[in-house]
Amino acid sequence: SAAEKGGYDYFMLKEIAEQPKAVADTLLGRINVEGALTLDDLRIPSRVLRAADKVVIVACGTAFHAGLIAKYAIEHWTRIPCEVELASEFRYRDPILNTRTLVVAISQSGETMDTLMALRHARDQGATVLAICNTNGSTIPRESDAVLYTHAGPEVAVASTKAFLTQLVACYLVALYLGQLRGTKYGDEIRAVIRELSRVSHEVERVLETMEPVRELARSLADKKTVLFLGRHVGYPVALEGALKLKELAYMHAEGFAAGELKHGPIALIEEDVPVVVVVPSPRGRSVLHDKIVSNIQEIRARGARTIVIAEEGDEAVVPYADHLIRIPVTPTLLQPLVSTVPLQVFACELATARGNEVDQPRNLAKSVTVE
Ligand code: G6P
């Protein structure tokens, strides 16, 4: 009903708007007054977490993209090798697991069959399983050794939005907590990022306030056949997520690529007026990556692409090559997906509406896939 949608036309719009609160709620009570993480609900003995020599993340769909981003954070802050795998592929290839493996199963619903089967397989091999889940008491957390709940509230729209952002927050919490616990050389950075995390819900709010030009742009592209997405580092999974959203909602061909792979194939797809969304890493920090992506934008624009550039406030290097420029707030490099994903959600939602599609219930898709 209209009341359930809180005045929005679709649940998806409501859920996109709820993201600042979802992010804040997922952090609530998990950062103490000294600015350290206290994950009391993470009921895995510290001795097990300290001994872990490998992290394996399993998930499906949008949750898998959260896992891809988590890998960058986990390896950087904890120095523990981390693999990410589609749950549907995982158990069929005889993965190497033992009592020192920490498996993280990410699932909004907690009922996705592929993810459940993957975690059962991992536990059979002696691994410790941590679930990141949005649904209290669902099957995946019940069958895991521990659970870190995301507090996005119920997500009704089939295409995941606020659950995704909170999955990212939970993944950052796990990475930072493990880093904190294991005392890596990144102690100062970890403390600084925890402070930034507690501000990030305001940044998401600010992004939401500036989305009208993104909606306008989406409407102007409603008759396009294809949209390409490019990203690098954590922007690469964001590109994959932007493409997935467009497929799910707008029923358009869309593909996400690692920007560095452009010359190994995707550049052949660039022709006059093809929209290409580019997620630009911060010019601070890993500035090499920033410079490389700027030359990618130059390259594709020279071949006639319509460049839609998502870049940090104050990043002036991209301006000459952007047909459309979408600004996002300055954030630490690894946290950028929390703000860069939001315009892509709005973009897909608006494009779907412009094409007359059912936003909350896209054809052929289910909110929770409980069969293999
Ligand atoms: C379905 C949904 C997706 C979701 C995926 C994983 O395909 O349509 O939006 O990302 O399942 O769901 P989960 O509940 O495990 O996060």
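Structure shown above.
Below, the structure is looked at part by part. Please read these numbers as outputs of a predicted model, since none were measured by experiment.

Below, the discussion takes up the site of the ligand. Taken together, the neighbourhood of the ligand is formed by 16 residues, with Gly61, Ser107, Gln108, Ser109 and Thr112 sitting nearest. Looking at which element gives the most residues to the shell around the ligand, the answer is helix H4 (residues 61–78), with 3 residues. Of the residues in the shell around the ligand, the class split is 6 nonpolar, 9 polar and 1 charged.

Among the 6 residues that make up strand S4 (residues 128–133), 6 are buried, leaving the element largely enclosed by the rest of the structure. Alternating residues of S4 divide into Thr128, Leu130 and Ile132 and Val129, Ala131 and Cys133, and every residue in both groups is buried. When strand S3 (residues 101–107) meets S4, the two strands line up parallel, connected through 6 bridges. Following the sheet pairing, Ser107 is matched in S4 by Cys133. In terms of handedness, the path from S3 via helix H6 (residues 113–124) over to S4 forms a crossover that is right-handed. Of the strand pairs in this sheet, S4 and strand S5 (residues 146–149) are connected by 4 bridges, and their pairing is parallel. In the sheet register, Ala131 faces S5, and the bridge partner there is Val147.

A word on the sheet that holds S4. Two orientations exist for strands paired in a sheet by backbone hydrogen bonds: parallel and antiparallel. Pairing within the open sheet is parallel, and its 5 strands lie in the order S2-S1-S3-S4-S5. Of all the strands in the sheet, the pair left with one neighbour each is strand S2 (82–86) and S5. Ignoring which end each strand starts from, the neighbouring axes of this sheet average 20° apart. Across 5 bridges, strand S1 (residues 54–59) lies against S2 in parallel orientation. When the sheet's bridge partners are listed, Ala59 is paired in S2 with Leu86.

What follows deals with unusual backbone geometry. At Arg79, a position not held by glycine, the phi torsion is positive, near 65°. One can find Arg79 in the loop between H4 and S2. Here Tyr251, not a glycine, exhibits a phi torsion of approximately 55°, which is positive. Mapped onto the elements of the fold, Tyr251 is located in the loop between helix H12 (235–250) and strand S7 (253–258). Classification of Tyr251 by C-beta neighbours within 10 Å gives partly exposed; the count is 15.

This paragraph deals with the sheet that holds strand S9 (residues 306–312). Taken together, the 5 strands give an open sheet; going across it, the order is S7-S6-S8-S9-S10, and neighbouring strands pair in parallel fashion. Only two strands of the sheet have a single partner each, and these edge strands are S7 and strand S10 (324–328). Shown here is a sheet whose adjacent strand axes are inclined to one another by a mean of 20°, direction ignored. Summarising the sheet, S9 and S10 pair through 5 bridges and their orientation is parallel. Counted as the bridge partner of Val309 is Leu325 from S10. Strands in contact with H12 are strand S6 (226–231), S7 and strand S8 (275–279); relative to S7, the strand with the most contacts, it is inclined by about 175°. Taken strand by strand, helix H14 (residues 337–354) contacts S8, S9 and S10, and its axis lies near 140° from that of S10.

Here Leu246 is to be found in helix H12. Each C-alpha atom of the pair Leu246 and Val227 lies 8.3 Å from the other, and the pair is 19 residues apart in sequence. If we skip the residues at most four places from it in the chain, Leu246 touches Val227, Met252, Ala254, Ala348 and Leu351.

Turning next to helix H11 (residues 212–220). Burial in H11 covers these residues: Val214, Leu217 and Ala218. Buried residues in H11, looked at end-on, bunch into an arc of 100°, giving them a common side. Residues Glu212 and Glu216 are exposed on H11 and point more than 90 degrees away from its buried face. Lining the buried residues of H11 we find S9, S10 and H14.

Cut-offs used in this document
- Residues numbered from 1 in each chain as written.
- Predicted model: local features only at pLDDT ≥ 70, side-chain atom pairs only at ≥ 80, totals over all residues.
- Near = placed C-beta within 6 Å.
- Helix = DSSP H or I, 4+ residues; strand = E, 2+ residues; numbered from the N terminus.
- Nonpolar A, V, L, I, M, F, W, Y, C, P; charged D, E, K, R; others polar.
- Buried ≥ 20, exposed ≤ 12 C-beta atoms within 10 Å, placed from the backbone.
- Pairing = 2+ DSSP bridges.
- Right-handed = clockwise from strand over helix to strand, strands pointing away.
- Axes fitted to C-alpha atoms, helices over the stretch in contact; angles between N-to-C directions.
- Contact = placed C-beta atoms within 7 Å.
- Arc of directions from axis to C-beta.

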